[in-house]
Amino acid sequence: MKVLIIGAHGKVGQRISKAMRAAEDVEPTAFIRKEEQKPLFEEMGVDTVVESLENTPEAIGEVIKNYDAVVFTAGSGGKTGHDKTMEIDLDGAIKSINEAEKHGVKRFVMVGASHSDDRSYWGKVDGMKPYYTAKHYADLELKRSSLDYTILRPVLLTDDDEAGKVLMTENPDEVGSEIPRQAVAETVLTVLKDPKTYGKVIEMSKGEDKIADALAKVCS
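Our subject in this report is the structure included herewith. None of the values given here were measured: they were computed from a predicted structure. (Residues numbered from 1 in each chain as written. Predicted model: local features only at pLDDT ≥ 70, side-chain atom pairs only at ≥ 80, totals over all residues. Heavy atoms only, no water.)

**Things to note about the sheet that holds strand β3 (residues 47–50)**
How we decide: Pairing between strands is defined by DSSP: at least two bridges between the two strands are required. Starting at the N terminus, helices and strands are each numbered in turn, a helix being any DSSP run of H or I of at least four residues and a strand any DSSP run of E of at least two. Axis lines are fitted through C-alpha atoms, for helices just across the contact stretch, and the angle between N-to-C directions can take any value from 0 to 180 degrees. Here, residues are in contact when the closest pair of their heavy atoms is within 4.5 Å.
Ordered by their spatial adjacency, 8 strands build an open sheet running β3-β2-β1-β4-β5-β6-β10-β8, and the pairing between neighbours is mixed. Only two strands of the sheet have a single neighbouring strand rather than two, namely β3 and β8 (166–169). With strand direction ignored, the average angle separating the axes of adjacent strands in the sheet is 20 degrees. Lying on the sheet, helix α4 (residues 82–102) is in contact with β1 (2–6), β4 (69–72) and β5 (107–111); it crosses β5 at an angle near 170 degrees. Set on the sheet, helix α7 (residues 181–191) makes contact with β4, β5, β6 (148–154), β8 and β10 (200–206); between it and β5 the angle comes to about 165 degrees.

**Examining helix α3 (residues 57–64)**
The condition is simple: For each residue, the accessible area found with a 1.4 Å probe, counting protein chains only, is set against the maximum for its type, and the residue is called buried under 20%, exposed over 50%, and partly exposed in between.
Of all the residues in α3, the buried ones are Ala 59, Ile 60, Gly 61, Val 63 and Ile 64. Lining the buried residues of α3 we find β1, β2 (27–32), β3, β4 and α4.

**Topic: the environment of Asn 66**
Tracing the chain through its elements places Asn 66 in the loop between α3 and β4. On the basis of relative accessible area, Asn 66 is assigned to the partly exposed category, the value being 41%. Along the backbone, Asn 66 and Lys 135 are 69 residues apart, and their C-alpha atoms lie at a distance of 26 Å.

**Observations concerning the packing of aromatic side chains**
Quick reminder of the rule: Stacked, tilted and edge-to-face pairs are distinguished by plane angle, under 30 degrees for stacked and over 60 for edge-to-face with tilted covering the rest, among Phe, Tyr and Trp rings (Trp via its six-membered ring) whose centres lie within 6.5 Å.
In the structure shown here, the tally under the stated rule is 2 aromatic pairs. Centroid distance Tyr 121 to Tyr 132: 5.6 Å. Interplanar angle 90 degrees. Geometry classified as edge-to-face. On the criterion of sequence distance, the pair formed by Tyr 121 in helix α5 (residues 119–122) and Tyr 132 in helix α6 (residues 129–144) is long-range, its members being 11 residues apart. The exposure class assigned to Tyr 132 is buried, which follows from its relative accessible area of 10%.

**Some thoughts on the pattern of salt bridges**
Stated precisely, the cut-off is as follows: Any carboxyl oxygen of Asp or Glu that lies within 4 Å of a side-chain nitrogen of Lys or Arg is treated as forming a salt bridge with it.
On inspection of all chains with the given rule, the structure shows 18 salt bridges. Between Lys 143 and Asp 117 there is a salt bridge whose closest N-O contact spans 3.4 Å. Taken together, the residues Lys 143 in helix α6 and Asp 117 in the loop between β5 and α5 connect sequence positions 26 residues apart. For Lys 143, a relative accessible area of 29% puts it in the partly exposed group. Asp 117 gets classed as partly exposed once you look at its relative accessible area, which sits at 38%. A salt bridge links Arg 181 to Asp 159; the shortest N-O distance between them is 2.7 Å. Here Arg 181, found in helix α7, pairs with Asp 159, found in the loop between β7 (156–158) and β8; they are 22 residues apart in sequence, far enough to count as distant. You can call Arg 181 buried: its relative accessible area is 14%. A residue is classified by how much of its surface remains accessible, and Asp 159, at 39% relative accessible area, is partly exposed. Among the charged side chains, a salt-bridge network with shared partners connects Asp 117, Asp 139, Lys 143, Arg 153 and Glu 203.

**Let's talk about the packing of helix α1 (residues 11–22) against α7**
Filter applied, for reference: Angles below 35 degrees are treated as roughly parallel, those above 145 as roughly antiparallel, those between 65 and 115 as roughly perpendicular, and all remaining angles as oblique. Crossings are classed by handedness, with left-handed meaning an anticlockwise turn of the near helix from the far one by less than a right angle and right-handed meaning a clockwise turn.
The interhelical angle for the contact between α1 and α7, taken along N-to-C directions, is 50 degrees, at an axis separation of 8 Å. Judged on the interaxial angle alone, α7 and α1 are oblique. Note that α1 runs across α7; the crossing there is right-handed. Every residue of α7 that contacts α1 at Lys 11, Val 12, Arg 15, Ile 16, Ala 19 and Met 20 is listed here: Arg 181, Gln 182, Val 184, Ala 185, Val 188 and Leu 189.

**A closer look at the environment of Glu 27**
Locating Glu 27 in the fold gives a position in strand β2. Spatially, the C-alpha atom of Glu 27 lies 6.0 Å from that of Val 3, the residues being 24 residues apart in sequence. Every residue in contact with Glu 27, bar those within four places of it in the chain, is listed here: Met 1, Lys 2 and Val 3.

**What to know about unusual backbone geometry**
We note that His 115 has phi near 70 degrees; this positive angle belongs to a residue other than glycine. The residue His 115 is located in the loop between β5 and α5 in this model.

Right, here's the structure in full:
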């Protein structure tokens, strides 16, 4: 499976790239926005394509059409303004979804954010409402599409080297407060070829189950 990782240079994206590079049946390509980001992926042995989510839908589609699946884990980051959040987290995601659908790239895995459907939650942290708004409507566009999607919604991300054990649920009120980025990366790889995860929206945090067991519970 040829997989395009949009947002590959981010902390989760780099871990996804490494996990896919180590897998025997997946051929990852990192979608990056700067030439100077290439050496990092060359060291991993991961191919790259340089393009921007701020470009036209047609330009993004010209890249997406060459793959079997898309993993979207892009974000504008905390150091940019709300305008970039709307441009990358929302519009960039929607362009990617629409172009995947247009070009028949059916499999789409979205890394979103826990509580994205709970408007009462969006304003609990100062300055985060635009972020949750963007994630909510990007996910909504994906759910309205004809794509074979899976939406993973982790809570606060940590840099622990091990994935550890996790909790997965459809109810955001059941999740804990944090989860390692490594757990999210390994979950992306696990769900990628699993039809039982199609059409699922999965809230994620640290928990008591191995990834495969947690998925089995939520996708039964």
